[in-house]
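Listed below, chain by chain, are the residues.
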Amino acid sequence: MQDASGEGDGLRGFTLVPAPAAGDLRIMPDTAPATALLPEAGTRPAFDNSYARLPEALFKRLPPTPVAAPRLLRLNTALAVELGLDPEWLASPAGVAMLGGNHVPPGAEPIAQAYSGHQFGHFSPSLGDGRAILLGEVVTPAGLRRDIQLKGSGPTPFSRRGDGRAALGPVLREYIIGEAMAAFGIPTTRALAAVATGEPVFREDALPGAVLTRIAASHIRVGTFQYFAARRDEASLRALLDHAIARHDPAAADAANPALAFLDGVVKRQAALVARWMLVGFIHGVMNTDNCAVSGETIDYGPCAFLDAYHPETVFSSIDQQGRYAFANQPAIAHWNLARLAEALLPLMGADEAAAVEQAMAVLAGFAPAFGAAWRAGLLAKIGLAEEQPGDEALIQDLLARMAENQADFTLAFRRLADAAQGDADGFRTLFADPGAADAWLEGWRARAVADGIAPAPRAAAMRAVNPAFIPRNHLVEEALAAAVERDDLAPFEALLEVLARPFEDQPGRARYAAPPLPEQRVRATFCGT
Ligand code: AMP
Ligand code: MG
């Protein structure tokens, strides 16, 4: 990574794009005189804002609130290129002004989106973007429509008592975890940039403020549908559904019952998503219906965390006293959230309500088998078995039970099982409080593995391709955030991002990033920290 600003002003992680052709020279970030800030045409995002063309009831129009001194902390150059955005322009003063909320570029139509949400089971009819502004949408070179949203961009009509701002720590947390999820191949919103505001935000203490630029397939949540259903605003509800179908389930438009077909699409995506989370030991922590995206992307990284030692009842979030969003509860909660989506969509499923309820129930019933199939197939791959045979499920359940009983590290157990496939079981077995418990299981696993005739090397390679060596370990995330917040030191954040960009590769010299926490490093609770 190279500091392209040339002045070491904290612009980290920005790599130079190939030099522009002669005659196509652009204004460089650190040399642009103040009067020449406007970039050449074509370098700014080409916005096409389909959500802002929907009925006005769906949002409020307002610009972000400018900040004192926007400073680019990190630009996701690779993502910028994927989006068809010009990283040089984004890192320029005009680009940073946009990312900090101080400049609304031509073509952007800033809005705060309305939504409701069941939070910990209780319905809040009016949530909405209280500290986020959707600048607009772009269509990527690959033809994908993507939202560009600023999070922490100032108060909106939905702010209630909040200040509309975000603290640096949570912004960097969302950056790290979202990018790690993307590197795992798990659907997620992503971080395009983190910008320091130069202003404090006041939580329990005064903290440095920041703005995250978030990219999403859309920011439509289960709670977005609930907002209009709760108000019996069927016209807006229908407009929202048509829009969501066009973006996420185009085939549903031609179905006999588009609302039902859309529900089915969301059910399938959520089932697959939650299985993917659990296969890497991820706990979302606040699976409220406002944090459940109909696109099937992971959204709103708050008090989320990754399992170290495996236990299905693990909870990290300090506000989740009942364990509602515990690791193993996640499929049940996703299903509960989807039932709320089904309720919201009922008015659009036909005049015969009883029939609509019955059809919606049938679609919801598809969640458990879809989740179960994805979870089982994923675990089977994690233990290096290609095709399910009778007894495999028991073998997997037995492993998980032994891991829980012996506080085995979730990530390392599966990673080191690949070594066991090649004859070296020591690393695996020593993860168990009682290594004998691992030996007994290994015996059955070896006997089963022989049956499919796969050679040790390809089996181990296949296992390493699905079992990450590196996850955003909670203690490493906390360490990176503390360095940034307390010492303005982004080096640990950068180093962590670099490791996590290639989670399935063994990275010599990076053992520290793979290791579970020492007892004194263990993070036991995470905080929303909004
Ligand atoms: P979250 O916990 O980030 O999912 O947010 C839940 C709701 O609270 C959303 O409507 C947010 O917009 C709102 N919210 C969270 N933090 C703030 C804040 N600092 N200022 C205004 N609204 C906020
Ligand atoms: Mg949220």
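The shown structure was predicted, so the numbers you read here are calculated from the model rather than taken from an experiment.

When helices and strands are counted, the protein chain shows 18 helices and 12 strands. Each of the 530 residues in the protein chain was classed as buried or not, and the buried ones make up 56%. Put simply, of all contacts in the protein chain between residues at least 6 apart along the chain, 72% involve residues at least 24 apart. Accessible surface computed for the protein chain: about 20,900 Å², of which carbon and sulfur atoms make up 55%.

Moving on, we come to the site of ligand 1. Around ligand 1 there are 18 residues in total, and Gly128, Gly130, Arg131, Arg160 and Gly164 lie nearest to it. The separation between a nitrogen atom of ligand 1 and a polar main-chain atom of Arg165 is 3.3 Å. Within the side chain of Asn291, an N or O atom sits 3.1 Å from an oxygen atom of ligand 1. Isolated, ligand 1 exposes 480 Å² of accessible area, and the fraction of that covered by the protein chains is 86%.

Considering all chains together, one arrives at 35 salt bridges under this definition. Close ionic contact of Glu82 with Arg190 constitutes a salt bridge, the shortest N to O distance being 3.9 Å. Taken as a pair, Glu82 in helix H1 (residues 77–83) and Arg190 in strand S9 (residues 190–202) lie far apart in primary sequence, 108 residues in all. For Asp308, the salt bridge goes to Arg473, with nearest N and O atoms at 3.0 Å. Here Asp308, found in the loop between strand S12 (305–306) and helix H8 (330–345), pairs with Arg473, found in the loop between helix H15 (456–466) and helix H16 (474–487); they are 165 residues apart in sequence, far enough to count as distant. For the pair Asp308 and Arg473, one class covers both residues: buried. Here the residues in one salt-bridge network are Asp48, Arg53, Glu137, Arg145, Asp147 and Arg247, joined through shared partners.

Here we take up the packing of aromatic side chains. The final tally for this structure, using the stated rule, is 19 aromatic pairs. Relative to Phe493, the ring of Tyr175 lies with its centre 5.5 Å away and its plane at 80°, an arrangement referred to as edge-to-face. Highlighted residues: Tyr175 in helix H4 (residues 168–184) and Phe493 in helix H17 (residues 491–500), separated in sequence by 318 residues. Comparing Tyr175 with Phe493, the two get one shared label, buried. Where Phe282 meets Tyr301, the ring centres are 6.1 Å apart and the plane angle is 70°; that geometry is what we call edge-to-face. In this pair, Phe282 sits in strand S11 (residues 282–283) while Tyr301 sits in the loop between S11 and S12, placing the two residues 19 residues apart along the sequence. Note on Tyr301: relative accessible area 4%, which makes it buried. Three or more aromatic residues joined by ring pairs form one cluster here, namely Phe184, Trp277, Phe282, Tyr301, Phe306 and Phe504.

With that settled, consider the coordination of the magnesium ion (ligand 2). Around the magnesium ion (ligand 2), the protein contributes the donor atoms Asn291 (OD1) and Asp300 (OD), at 1.9 to 2.1 Å from the metal centre. Relative accessible area serves as the criterion here: at 12%, Asp300 is assigned to the buried category.

Once that is clear, we can look at helix H9 (residues 353–364). With 12 residues, H9 should reach 16 Å at 1.5 Å per residue; the first-to-last C-alpha distance of 16 Å fits that figure. Residues of H9 that are buried: Ala356, Ala360, Val363 and Leu364. In a view along the axis of H9, the buried residues occupy a sector of 95°, so they form one face of it. When the buried face of H9 is taken as reference, the exposed residues oriented beyond 90 degrees from it are Ala354, Glu358, Met361 and Ala362. Turning to H9, the residues buried within the fold contact helix H7 (258–279), H8 and helix H10 (367–382). At the N-terminal end of H9, a side-chain oxygen is found 3.3 Å from the backbone nitrogen of Ala354, two or three residues along, and the residue is Asp352.

Within the structure shown, the criterion is met by zero disulfides. Of all cysteine sulfurs, the one in Cys304 lies closest to Cys292, which takes part in no disulfide; the gap is 15 Å.

To continue, consider the confidence of the model for the protein chain. Per-residue confidence for the protein chain averages 92 on the pLDDT scale, and 92% of its residues sit at or above 70. Low pLDDT, under 50, characterises residues 1–41; the predicted model gives this stretch 65 contacts beyond four residues in sequence or across chains.

Close contact between helix H11 (residues 392–405) and helix H14 (residues 435–450) brings their axes to 10 Å; oriented N to C, the two are set at 160°. On the basis of their axis angle, the class for H11 and H14 is roughly antiparallel. Considering how the two elements wind past one another, H11 and H14 form a crossing that is left-handed. Listed contacts from H14 to Asp392, Leu395, Asp398, Leu399 and Arg402 of H11 are Ala437, Ala440, Trp441, Gly444, Trp445 and Arg448. Considering only residue class, the contact of H11 with H14 consists of six nonpolar, one polar and four charged.

Compared with an ideal rise of 1.5 Å per residue, which puts 16 residues at 22 Å, H14 spans 22 Å between its outermost C-alpha atoms and is within 8% of the ideal. Taken residue by residue, H14 has Ala437, Ala438, Trp441, Leu442, Trp445, Arg448 and Ala449 as its buried positions. Looking at the buried residues of H14, the elements they touch are H11, helix H12 (410–421), helix H13 (426–429) and H15. Sitting at the amino-terminal end of H14 is Asp434, which places a side-chain oxygen 2.9 Å from the backbone nitrogen of Gly436.

Take the side chain of Asn474 next. Locating Asn474 in the fold gives a position in helix H16. Not counting residues up to four positions away in its chain, the partners in contact with Asn474 are Ala305, Phe306, Asp308, Phe316 and Val523.

Along the chain, the position of Glu179 falls in helix H4. Not counting the four nearest positions on each side in its chain, Glu179 is found in contact with Asn76, Arg190, Ala191 and Leu497.

On to the nonpolar core. Membership of the largest hydrophobic core comes to 132 residues, with the highest contact counts inside it found for Ile176, Phe225, Ile383, Met403 and Trp445. It is H7 that contributes the most residues to this core, 13 residues altogether. Among residues more than four places away in sequence, those in contact with Ile383 are Leu395, Ile396, Leu399, Phe414, Leu417, Trp441, Trp445 and Met463. Among the nonpolar cores identified, the runner-up in size contains 24 residues, and Trp89, Leu90, Ala94 and Leu150 belong to it.

Thresholds, definitions, all that
Residues numbered from 1 in each chain as written. Chains lettered and ligands numbered in written order. Predicted model: local features only at pLDDT ≥ 70, side-chain atom pairs only at ≥ 80, totals over all residues. Heavy atoms only, no water. Helix = DSSP H or I, 4+ residues; strand = E, 2+ residues; numbered from the N terminus. Buried < 20%, exposed > 50% of the residue type's maximum accessible area, 1.4 Å probe, protein only. Contact = heavy atoms within 4.5 Å. Areas by Shrake-Rupley, 256 points an atom, 1.4 Å probe, with all protein chains shown as cover. Near = heavy atom within 4 Å. Polar contact = N/O pair within 3.5 Å; in protein donor to acceptor, adjacent residues only side chain to side chain. Salt bridge = Lys/Arg side-chain N within 4 Å of Asp/Glu carboxyl O. Phe/Tyr/Trp six-rings, centres within 6.5 Å; stacked < 30°, edge-to-face > 60°. Donors = N, O, S within 2.8 Å, 3.2 Å for Na, K, Ca; no water. Expected span 1.5 Å × (residues − 1). Arc of directions from axis to C-beta. Disulfide = S-S within 2.5 Å. pLDDT = per-residue confidence, 0-100. Axes fitted to C-alpha atoms, helices over the stretch in contact; angles between N-to-C directions. Parallel < 35°, antiparallel > 145°, perpendicular 65-115°, else oblique. Left-handed = near helix turned anticlockwise from the far one by under 90°. Nonpolar A, V, L, I, M, F, W, Y, C, P; charged D, E, K, R; others polar. Core = buried A, V, L, I, M, F, W, Y, C linked by side-chain atoms within 4.5 Å.

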